[in-house]
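Tertiary structure, described
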Amino acid sequence: MNDDQIKFEAAFWVERINRPVFDVADGAAFDEWMRSDPLHREAFAAMAAIWDDDTLKRALAEGPSVAALSGPDCIGHARRYYRQRITGSLSVAAAVMLAVALFWLMPMIPRDYESGPGEFRTIALRDGSRVSLGGNSAVEVRYLPWRRSVRLTRGEAAFDVAHETDRPFQVDAGATRVSVLGTAFHVDRFAGEAVGVQVSRGLVQVGASGRAAKLHAGEAVRVTSTGMQRVAMLEEDRNWRSGWFVADNAPLGDLVGKLNRYSDVPIAIPDKRVAAQSVVGRFKISDEESVLNAIADAYHLKIVHRGGEISIVKHN
Amino acid sequence: MCGYGPHMNGHSTRYRPSKTEGFEADDPSRQTPALPEAEWQSIRHAILAYMRRRGAARDVAEDVAQESLTKLLAYVQRGRPASLYALALKIAANSFVDRVRQESRYEAPVSFEQASEAPLPDAVASDRQQVAILTQALDCMPPLRRKVLVRRRIDNQSHARIAGELGLSVAAVEKHVVRGLCDIRRAMEDGAQSGKPMP
């Protein structure tokens, strides 16, 4: 199934880059897609070669062949293809019905994407929407005929959503749900159940534990188990991959959540009171060591390296 | 310090709207014209894979890749293109077409009589087979999809024009091209499999 999805994406990009206008955003997304996986490059090479090769031109120029009316040939074609996937012998009609069903079902099967520490990935979805994953982050994407849904299972991601009037785009981050029709926004899972949502274009609705709020472009909220709070949208939120994080009385847990997007080693705060302690400053989160040293100094904390994990604890 | 222009001095907290989203202006290595080694390798891999699919011999593919990367570097030093990979593959495709043209100018065409006496060259056989497979795949498509492909690939018409003349949306034109490509790819894979002798 993944193989088919990659081929579909390859065809999408071949179609895109053969247009006279290929904008910077498309270019960056295409490069990211090519860079992220050798299988993508292979699939793209095969698809682009089909499009560029003169064989296609010749076959198209010939016009429909006399045998074009031989419908059964085509059905046989489809049957051969699907028999590789479906074991057992099926009638032609059933195979075709299954083929149709599979075509609809394919995007409905959830697909997982994830990124490693310090790695950014952009995923082009089939409707033209784009998901940009932060470091150490993961999403599960599922497209249904009536809903496009993404679960942010870990970390953070920004979404640039293609407008579809009848099919909302939903992002679930734990108990927080963001629903949109076409816009760009960023969702961040912090420590505990805290979630940050920032909107850079359009309008989204954020719902959590029975409450909902509408966010316009330039607005942000922070959702915790106790409720939803409007916060200022900072430059670093817009440019969230800059490697910087600005904490204006943010809980230490949020800062550590950000550090974990870059860190090879998980960083934990065992004591909830320490995690809730508020911090102020502008931190270069892509350089975790300097940040850890800075907060240890400033807030009288101790950084403990033990067994492949870093803990932040109180100084005794 | 590194002299990348006035916007690089210090970590200004001002929001710079001209900055591309996700672009790390704070990291000078991203601003240097040369690309990281891994990126070159990845682009090279894309070119080689593409050349192989175009049926180029190994040494030709290597030559084209080398030449394309050199040209790409020259472009990159003048300014960052919208897409490195798209540009690299465009350069490679052009270079390949030039080479094929040059070759055919010097080589006399092989007649079919001659070819049928000697073991049939792989290229000729697979070429004819490919046309047959493509013709069949195109025959099996909805006629509208075929029309869209003809207008896009042969007449090089714009999406807007095709959409207007066939009464489709631009998105539908795109969809037909993408699905058409998938149909052809699938037919070629099936053809390749049925073409193999059974064990």
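Below or above, wherever it landed, is the structure these notes cover. (Residues numbered from 1 in each chain as written. Chains lettered and ligands numbered in written order. Predicted model: local features only at pLDDT ≥ 70, side-chain atom pairs only at ≥ 80, totals over all residues.)

1. Focus on the overall build of chain B
Helix and strand counts for chain B come out as 8 helices and 0 strands. In sequence order, chain B lays out its α and β elements as α-α-α-α-α-α-α-α. Expressed as a percentage of its 199 residues, the buried residues of chain B come to 26%. In chain B, the proportion of contacts linking residues at least 24 apart, taken out of those at least 6 apart, comes to 55%. (Helix = DSSP H or I, 4+ residues; strand = E, 2+ residues; numbered from the N terminus. Buried ≥ 20, exposed ≤ 12 C-beta atoms within 10 Å, placed from the backbone. Contact = placed C-beta atoms within 7 Å.)

2. Points about the nonpolar core
One recurring pattern in soluble globular proteins: nonpolar side chains tend to sit buried together. One finds A:Val14, A:Met47, B:Ala46, B:Ile47, B:Tyr50 and B:Ala88 to be the most contacted residues of the largest nonpolar core, which totals 58 residues. In terms of residues, this core owes the most to one element, helix α3 (residues 38-52) of chain A, which gives 9 residues. Grouped together as the second largest cluster of nonpolar side chains are 54 residues, A:Val139, A:Val178, A:Val221 and A:Leu252 included. (Core = buried A, V, L, I, M, F, W, Y, C linked by C-beta atoms within 7 Å.)

3. Some details on the interface of chain B and chain A
With 45 residues of chain B at the contact, the number on the chain A side is 52 residues. Listing elements by their share of the side of chain B that touches chain A, those giving two or more residues are α1 (37-53), α3 (84-106), α5 (122-139), α6 (143-154) and α8 (170-195) of chain B. Looking at the side of chain B that touches chain A, the element that brings in the most residues is α8(B), giving 10 residues. For the side of chain B that touches chain A, the class distribution of residues is 23 nonpolar, 9 polar and 13 charged. (Nonpolar A, V, L, I, M, F, W, Y, C, P; charged D, E, K, R; others polar.)

4. Quick notes on the sheet that holds strand β16 (residues 267-268) of chain A
All names here are of chain A. Reading across from one edge, β16-β19-β18 is the order of the 3 strands in this open sheet, with mixed pairing throughout. Looking along the sheet, the strands with just one partner apiece sit at the ends: β16 and β18 (301-306). Inspection of the sheet shows β16 paired to strand β19 (residues 309-314) by 2 bridges, in the parallel sense. Bridging from a neighbouring strand, Ala268 pairs with Ser311 of β19. (Pairing = 2+ DSSP bridges.)

5. Quick look at the packing of helix α1 (residues 2-17) of chain A against helix α2 (residues 24-36) of chain A
All names here are of chain A. Direction vectors running N to C along α1 and α2 enclose 145°, while the axes themselves pass 11 Å from each other. Where α1 crosses over α2, the handedness of that crossing is left-handed. Counting all contacts with α1, which are made through Glu9, Trp13, Arg16 and Ile17, the residues of α2 involved are Asp26, Phe30 and Trp33. Among the residues making up the contact of α1 with α2, the classes are represented as 4 nonpolar, no polar and 3 charged. (Axes fitted to C-alpha atoms, helices over the stretch in contact; angles between N-to-C directions. Left-handed = near helix turned anticlockwise from the far one by under 90°.)

6. Describing α3(A)
In this model, α3(A) (15 residues) spans 21 Å end to end at C-alpha, consistent with the 21 Å of a helix rising 1.5 Å per residue. All of the buried residues in α3(A) are A:His40, A:Arg41, A:Ala43, A:Phe44, A:Ala45, A:Ala46, A:Met47, A:Ala48, A:Ala49, A:Ile50, A:Trp51 and A:Asp52. (Expected span 1.5 Å × (residues − 1).)

7. Some thoughts on the environment of B:Ala163
All names here are of chain B. As for its placement among the helices and strands, Ala163 is situated in helix α7 (residues 159-166). When the C-alpha atoms of Ala163 and Glu174 are compared, they prove to be 9.5 Å apart, with 11 residues separating the residues in sequence. Ignoring any residue separated from it by four or fewer positions in sequence, one finds Ala163 in contact with Leu168, Ser169, Val170 and Val173.

8. As for unusual backbone geometry
Residues and elements named next belong to chain A. The phi torsion at Asn136 lies on the positive side, around 50°, for a residue other than glycine. With respect to the element layout, Asn136 can be found in the loop between β3 (130-133) and β4 (138-144). Residue classification places Asn136 among the buried residues on the basis of 22 C-beta atoms within 10 Å. Of note in this structure, His300 is not a glycine but carries a positive phi near 50°. Its place among the elements puts His300 in the loop between α10 (288-298) and β18.

9. Brief notes about the pairing of strand β13 (residues 220-224) of chain A
Residues and elements named next belong to chain A. Pairing of strand β10 (residues 195-201) with β13, which is carried by 4 bridges, proceeds in the antiparallel orientation. Note that in β13 the partner of Val195 across the bridge is Val223. As defined by bridge partners, β13 adjoins strand β14 (residues 227-231) across 5 bridges and the pair is classed as antiparallel. Counted as the bridge partner of Arg222 is Gln229 from β14. The hairpin turn running from β13 into β14, its antiparallel successor, is 2 residues long.

10. Let's talk about the sheet that holds β10(A)
Residues and elements named next belong to chain A. Taken in spatial order, the 7 strands of this open sheet run β2-β3-β6-β9-β10-β13-β14, and their pairing is antiparallel. Since the sheet does not close on itself, it has two edges, and those belong to β2 (121-124) and β14, each with one partner. Each strand of the sheet is rotated relative to its neighbour by a mean of 20°, with strand direction disregarded. Bridging between β3 and strand β6 (residues 156-160) involves 4 bridges; their strand directions are antiparallel. Residue pairing for β6: Val131 is matched across the bridge by Phe159.

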